[in-house]
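Residue-level structural notes
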Amino acid sequence: MFGVGAAAPTSTATSAITAATTTTSAHTRLHSINATTSSNSPSSALIGCGRVQFCSLRLNCGGPIKAMADTNTNTDTISVPNSASHPSASGNKQALISLSDKKDLAFLGKGLQELGYTIVSTGGTASALESAGVSVTKVEQLTSFPEMLDGRVKTLHPSIHGGILARRDQKHHMDDLNKHGIATFDVVVVNLYPFYNKVTSTGGIEFEDGIENIDIGGPAMIRAAAKNNKDVLVVVDPQDYPLLLEFLKGGGDDQLFRRRLAWKAFQHVASYDSAVAEWLWKQTSGISTSSADDDDKVPYLFQDKFPPSLTVPLERVSSLRYGENPHQKAAFYVDKRLAEVNAGGIATAIQHHGKSMSYNNYLDADAAWNCVSEFKNPTCVVVKHTNPCGVASRDDILEAYRLAVKADPVSAFGGIVAFNVEIDEALAKEIREFRSPTDGETRMFYEIVVAPKYTEKGLEILQKKSKSLRILEAQKNEKGKLSLRQVGGGWLAQDSDDLTPQDIQFNVVSEKAPQESELRDAEFAWLCVKHVKSNAIVIAKNNCMLGMGSGQPNRVESLRIALKKAGDEVKGAALASDAFFPFAWKDAVEIACENGVSIIAEPGGSIRDADAVDCCNKYGVSLLFTNVRHFRH
């Protein structure tokens with residue numbers, strides 16, 4: 001296992017030093033990456049307790065079809081320096097091997113044996129080596145103590161840890177070893193119980209089974225060897241066995257190489273521990289209190305979401321050309337928390353075609369996918385700079401696509417187009433050939449197309465639209481996710497905004513009650529405005545966005561922008577606001593009424609709500625209070 005920051009704590013996960021690229025089929029993810037160290041870009045992060053720790057590496061994976069979480073554009077590879085291991089205290093070279101994942105074990109064992117290493121091993125690993133024809137000294141032969149407590153105690157013994165931790169350049173360390181008859185270890189190869197896979201398996205796992213899959217001896221050996229990396233080479237990933245053997249065959253020494261392996265080892269353990277901590281927190285129940293102040297104890301409410309200390313494991317899967325702007329370096333990380341397993345989202349989308357994703361591509365694709373996924377009927381959403389500039393729902397998805405583009409064709413050009421239904425041959429042809437409504441001639445250009453799935457023919461047609469068109473296949477985000485956002489020196493955490501019109505009440509507060517069609521329009525506009533940057537106004541009719549105003553410091557200006565885009569179609573349309581109107585007369589509410597809006601949906605809550613009601617009554621407009629605000633910053 002290895003994850004940058006805290007990858008899936010299994011022995012088969014991504015390697016940070018090297019890995020082979022595994023390609024399965026034309027519609028599956030690439031599960032492995034190559035990696036090298038680099039001083040230029042961050043590659044790992046454990047976000048916990050208000051601290052962010054970064055290390056460096058570069059990643060590489062190939063193949064024309066790739067998952068967002070398995071993507072990289074670098075082609076650098078690591079070179080193995082000339083090296084030599086330090087001799088053991090007895091003059092014999094020893095390697096300690098204890099593995100849960102026994103992939104390529106025979107290759108490793110035979111390679112070490114050919115280099116003259118005495119191999120010390122535990123239980124099942126020793127048996128597997130013996131079956132492969134490799135001579136093995138079992139751990140209990142060194143410790144003179146049998147494995148006990150159902151395997152809980154195997155290697156926790158001075159004969160093991162003394163041999164790992166002793167500093168060869170400290171005479172009193174070596175004297176202690178000689179006094180107690182302990183030989184040094186030059187190589188330690190360990191990976192851990194597959195805790196991550198066990199607790200995320202289908203159907204879950206019983207608490208006691210989860211506890212028994214928490215490795216103790218393995219992390220202790222890994223940490224000991226990594227700490228003493230000047231004298232001990234530590235390997236935690238089967239993908240690194242060839243590098244290890246090549247290093248050992250060399251004639252020099254390279255402390256940097258040893259430190260790279262040590263870094264990876266500590267990340268391996270940190271990843272493992274983060275998964276254990278997350279899982280254990282979910283096993284707690286009830287409400288506990290802080291003890292900072294006995295007179296004013298603070299209950300840890302919502303503790304499943306907001307533990308008092310939080311570690312977020314991140315795995316870097318690609319180095320990006322740059323960030324929001326060319327002068328900013330950037331990288332893309334995938335969230336490896338247990339809560340994100342099979343939880344959907346753009347990070348785990350499959351890229352079927354096109355140029356590598358950029359920093360801004362990820363942001364825009366995420367915004368488009370989150371928006372379109374909330375609609376139940378066949379829907380198309382067009383996004384530019386993370387704001388939906390066109391949204392339409394229709395039984396005929398081709399019509400929905402045309403209407404979404406028509407809402408703001410200038411903004412749609414060069415944007416992201418997202419669908420919540422399969423893209424078939426007919427829709428793919430429409431996307432490929434559709435001309436801009438502004439002149440009827442210019443073929444629409446998009447950066448990204450994203451959908452839940454594609455027919456074989458539909459994908460083939462889209463791939464011919466442009467070599468650069470990024471075609472993504474994504475799974476819908478699960479509800480109830482934890483939303484994290486960085487501020488200077490800290491992080492904000494909150495529930496994701498998952499409310500839909502079906503979850504709230506649209507309360508009529510005006511004299512005029514809306515018709516059923518007007519209410520449906522208000523609900524549609526309200527769902528759209530939820531995804532628009534504040535201050536946000538959306539005007540919609542017949543399940544189609546007509547205009548929107550976003551990101552303005554005052555709500556009146558957002559309204560004016562939305563009205564301009566909607567044009568004459570504003571007559572009889574619905575208007576939704578992400579927050580309440582602080583003023584009504586000669587302000588946003590009255591302006592909307594004067595322009596022919598027939599229904600307004602807003603949260604309410606202003607001290608001047610009565611003015612908004614009176615204004616709508618004067619113009620015969622229906623006013624709905626939702627009691628739900630949708631700020632988006």
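- Under an unreviewed UniProt entry, the name given to the protein chain is MGS-like domain-containing protein, and the source organism is Lithocarpus litseifolius.

Some words on the overall build of the protein chain
- Assigned secondary structure in the protein chain consists of 19 helices and 26 strands.
- Buried positions account for 52% of the 633 residues belonging to the protein chain.
- By sequence separation, contacts in the protein chain at least 24 residues apart represent 64% of the contacts at least 6 residues apart.
- A total accessible area of about 28000 Å² is found for the protein chain, and carbon and sulfur atoms account for 49% of it.

A short note on the nonpolar core
- Tyr401, Phe419, Ile423 and Ile600 are the most contacted members of the largest nonpolar core, which has 57 residues in total.
- For this core, the element with the highest residue contribution is helix H12 (residues 397–406), accounting for 7 residues.
- Those residues in contact with Tyr401, other than ones at most four positions away along the chain, are Cys380, Val417, Phe419, Leu427, Glu430, Ile431, Phe434, Met444 and Tyr446.
- Formed by 47 residues, the second largest nonpolar core is a distinct cluster that contains Ala349, Met357, Phe375 and Val381.

Quick word on the pattern of salt bridges
- Applying the stated criterion across every chain, the model contains 24 salt bridges.
- When the shortest N-O distance is used, the salt bridge between Lys264 and Asp237 registers 3.5 Å. Here Asp237 lies in the loop between strand E10 (233–235) and helix H9 (241–249) and Lys264 lies in helix H10 (residues 255–283), a separation of 27 residues in the sequence. Each of the two residues, Lys264 as well as Asp237, counts as buried.
- Between Arg470 and Glu447 there is a salt bridge, with its nearest N and O atoms 2.7 Å apart. One end of the pair, Arg470, is in strand E18 (residues 470–473); the other, Glu447, is in strand E17 (residues 446–451), with 23 residues separating them in the sequence.
- A relative accessible area of 5% places Arg470 in the buried class.
- Here the residues in one salt-bridge network are Asp335, Arg337, Glu340 and Lys481, joined through shared partners.

Focus: the sheet that holds strand E9 (residues 187–190)
- If you walk across this open sheet you meet the 5 strands as E8-E7-E6-E9-E10, and the pairing is parallel. Each end of this open sheet is capped by a strand with a single partner; those strands are strand E8 (137–138) and E10.
- With 5 bridges joining them, strand E6 (residues 93–98) and strand E7 (residues 117–121) adopt parallel strand pairing. Pairing of Leu96 across the sheet is with Val120, part of E7.
- Together, E7, E9 and E10 form the strand contacts of H9, whose direction differs from that of E10 by roughly 165 degrees.

Some remarks on helix H14 (residues 425–433)
- Among the residues of H14, those classed as buried are Leu427, Ala428, Glu430 and Ile431. Seen along its axis, H14 keeps its buried residues to an arc of 160 degrees; they face one direction.
- Lining the buried residues of H14 we find H12, strand E16 (415–419), E17 and helix H15 (456–463).
- Where H14 starts, the residue carrying a side-chain oxygen 3.3 Å from the main-chain nitrogen of Ala426 turns out to be Asp424.

A word on the packing of aromatic side chains
- For the structure shown, the criterion picks out 11 aromatic pairs.
- A centroid spacing of 5.4 Å and a plane angle of 15 degrees characterise the contact between Phe207 and Trp279, whose relative ring orientation is stacked. Here Phe207, found in helix H7 (residues 207–212), pairs with Trp279, found in helix H10; they are 72 residues apart in sequence, far enough to count as distant.
- Relative to Phe257, the ring of Phe247 has its centre 4.4 Å away and its plane inclined at 20 degrees; by these criteria the two rings are stacked. Of this pair, Phe247 sits in helix H9 while Phe257 sits in helix H10, placing them 10 residues apart in sequence.

A word on the side chain of His353
- Topologically, His353 is positioned in strand E13 (residues 350–353).
- For His353, a relative accessible area of 17% translates into the label buried.
- Polar side-chain contacts of His353 include one of 3.2 Å to the backbone oxygen of Gln463.

Side note on the packing of H14 against H15
- Orientation of H14 relative to H15, taken along the N-to-C sense of each, is 10 degrees, at an axis distance of 7 Å. Looking at the two axes, H14 sits roughly parallel to H15. H14 and H15 meet at a crossing whose hand is right-handed. Counted together, Glu425, Ala428, Lys429, Ile431 and Arg432 of H14 and Lys457, Gly458, Ile461 and Leu462 of H15 form the full contact between these two elements.
- Split into classes, the residues belonging to the contact of H14 with H15 amount to 4 nonpolar, 1 polar and 4 charged.

Cut-offs applied
- Residues numbered from 1 in each chain as written.
- Predicted model: local features only at pLDDT ≥ 70, side-chain atom pairs only at ≥ 80, totals over all residues.
- Heavy atoms only, no water.
- Helix = DSSP H or I, 4+ residues; strand = E, 2+ residues; numbered from the N terminus.
- Buried < 20%, exposed > 50% of the residue type's maximum accessible area, 1.4 Å probe, protein only.
- Contact = heavy atoms within 4.5 Å.
- Areas by Shrake-Rupley, 256 points an atom, 1.4 Å probe, with all protein chains shown as cover.
- Core = buried A, V, L, I, M, F, W, Y, C linked by side-chain atoms within 4.5 Å.
- Salt bridge = Lys/Arg side-chain N within 4 Å of Asp/Glu carboxyl O.
- Pairing = 2+ DSSP bridges.
- Axes fitted to C-alpha atoms, helices over the stretch in contact; angles between N-to-C directions.
- Arc of directions from axis to C-beta.
- Polar contact = N/O pair within 3.5 Å; in protein donor to acceptor, adjacent residues only side chain to side chain.
- Phe/Tyr/Trp six-rings, centres within 6.5 Å; stacked < 30°, edge-to-face > 60°.
- Parallel < 35°, antiparallel > 145°, perpendicular 65-115°, else oblique.
- Left-handed = near helix turned anticlockwise from the far one by under 90°.
- Nonpolar A, V, L, I, M, F, W, Y, C, P; charged D, E, K, R; others polar.

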